[in-house]
Amino acid sequence: VQLQACGGGLVQAGGSLRLSCAASGIIFSRNDMAWYRQAPGKQREAVARITSGSIIGYADSVKGRFTISRDNAKNTVYLQMNSLKPEDTAVYYCAAEFSSGTPRAWGQGTLVTVSS
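Think of each chain on its own: its residues are numbered from 1, step by step along the sequence as written. Restriction of local features to residues with pLDDT of at least 70 applies here, the model being predicted, together with a cutoff of 80 or more for giving and counting side-chain atom pairs; totals for whole chains, interfaces and linings are based on all residues. Side-chain measures here rest on the full set of heavy atoms in the structure, leaving out hydrogens and waters.

> Got a minute to help me understand the overall build of the protein chain in this structure?
Of the regular secondary structure elements, the protein chain holds zero helices and eleven strands. Listed by position from the N terminus, the elements making up the protein chain come as β-β-β-β-β-β-β-β-β-β-β. Only the C-alpha atoms count toward the radius of gyration. The rule for a globule is 2.2 Å times the residue count to the power 0.38. Its C-alpha atoms give the protein chain a radius of gyration of 13 Å, near enough to 13 Å, the size a compact globule of 116 residues would have. Projected onto its principal axes, the C-alpha positions of the protein chain cover 40 × 25 × 25 Å. Three labels apply to residues, based on accessible area from a 1.4 Å probe with only protein chains included: buried if under 20% of the type maximum, exposed if over 50%, partly exposed otherwise in between. Here the protein chain holds 116 residues, and the buried ones make up 42% of them. Whether two residues are in contact is decided by their heavy atoms, any of which lying within 4.5 Å being enough. In the protein chain, 54% of the contacts between residues at least 6 apart in sequence involve partners at least 24 apart. Of the roughly 5,900 Å² of accessible surface on the protein chain, a fraction of 48% belongs to carbon and sulfur atoms. His residues and chain termini do not enter the charge count, which takes Lys and Arg as positive and Asp and Glu as negative. Charge placement uses NZ in Lys and CZ in Arg. For Asp and Glu, CG and CD serve respectively. Positive and negative charge centroids in the protein chain, built from 12 and 7 side chains respectively, lie 4 Å apart. Secondary structure is summarised from DSSP: a helix means a run of H or I of at least four residues, a strand means a run of E of at least two, and numbering begins at the N terminus for each. The accessible surface values rely on the Shrake-Rupley method and a 1.4 Å probe; as for residues, cover is taken only from the protein chains in view.

Below you can see the structure in the form of structure tokens.
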């Protein structure tokens, strides 16, 4: 399984970024996909999840600002991040998950830095 994430960068508070994660080596349409993030000195946390049936969930901290989506034809999951805040600064990882929510594979991470 390979997950290749991209789209991170430096953005001012209030700005937007879109992360992408291309998957290979799995039957993408059958996998739940998720985005996690890890800020310096903090534990990795789940940000958003989309199941194979396109059921979606978000962490409370990003509800109303972030949108997860998937394109099964392109084997890609996206995270649209709007109204970014400095506290969103973190390395963002995509993950393929078992239906239990346990990650089975991780992408390499992409850094998002939000300046105030």
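> Just to check I follow, could you spell out the state of the cysteines for this structure?
A covalent bond between the sulfur atoms of two cysteines is referred to as a disulfide. Our working definition of a disulfide is a cysteine sulfur pair at a distance within 2.5 Å. A complete count under the given rule lists one disulfide for this structure. For cysteine 21, the disulfide goes to cysteine 94, at an S-S distance of 2.0 Å. Since a negative S-S torsion denotes a left-handed disulfide, the cysteine 21-cysteine 94 link at about 55° is right-handed. Pair noted here: cysteine 21 is in strand β3 (residues 17-24) and cysteine 94 is in strand β9 (residues 90-97), with a separation of 73 residues, a long-range link. Look at cysteine 21 and you get buried, because its relative accessible area is 0%.

> Just checking my understanding: could you explain the sheet that holds strand β8 (residues 76-81) for this structure?
Hydrogen bonds between backbone groups are what pair the strands of a sheet, and the pairing can be parallel or antiparallel. DSSP-based pairing: two strands are paired if at least 2 bridges between them are found. Judged by pairing direction, the sheet is antiparallel, and its four strands sit side by side in the order β1-β3-β8-β7 without closing on themselves. On the outer flanks of this sheet lie β1 (2-6) and β7 (66-71), each paired with one strand and no other. Neighbour-to-neighbour, the strand axes of this sheet turn through a mean angle of 15°, independent of strand direction. For β7 and β8, the ladder comprises six bridges, and the chain directions are antiparallel. Fitting a line to C-alpha atoms yields each axis, with helices limited to the stretch in contact; the angle taken between N-to-C directions then spans 0 to 180 degrees.

> Explanation requested: unusual backbone geometry in the structure shown.
Keep in mind that most residues, glycine aside, have a negative phi and that most peptide bonds are trans. Despite not being glycine, serine 54 shows a phi value in the positive range, around 65°. Tracing the backbone shows serine 54 in the loop between β5 (45-50) and β6 (56-58). Backbone geometry at asparagine 75 places phi at a positive 55°, although glycine is not the residue there.

> I'm lost on the environment of threonine 102 in this one. Help?
For threonine 102, the position within the fold is in the loop between β9 and β10 (103-106). N or O atoms closer than or at 3.5 Å make up a polar contact, with two conditions inside protein: a donor-capable atom paired with an acceptor-capable one, and, for residues adjacent in sequence, both atoms drawn from side chains. One polar contact links threonine 102 to serine 100, side chain to side chain, over a distance of 3.2 Å.

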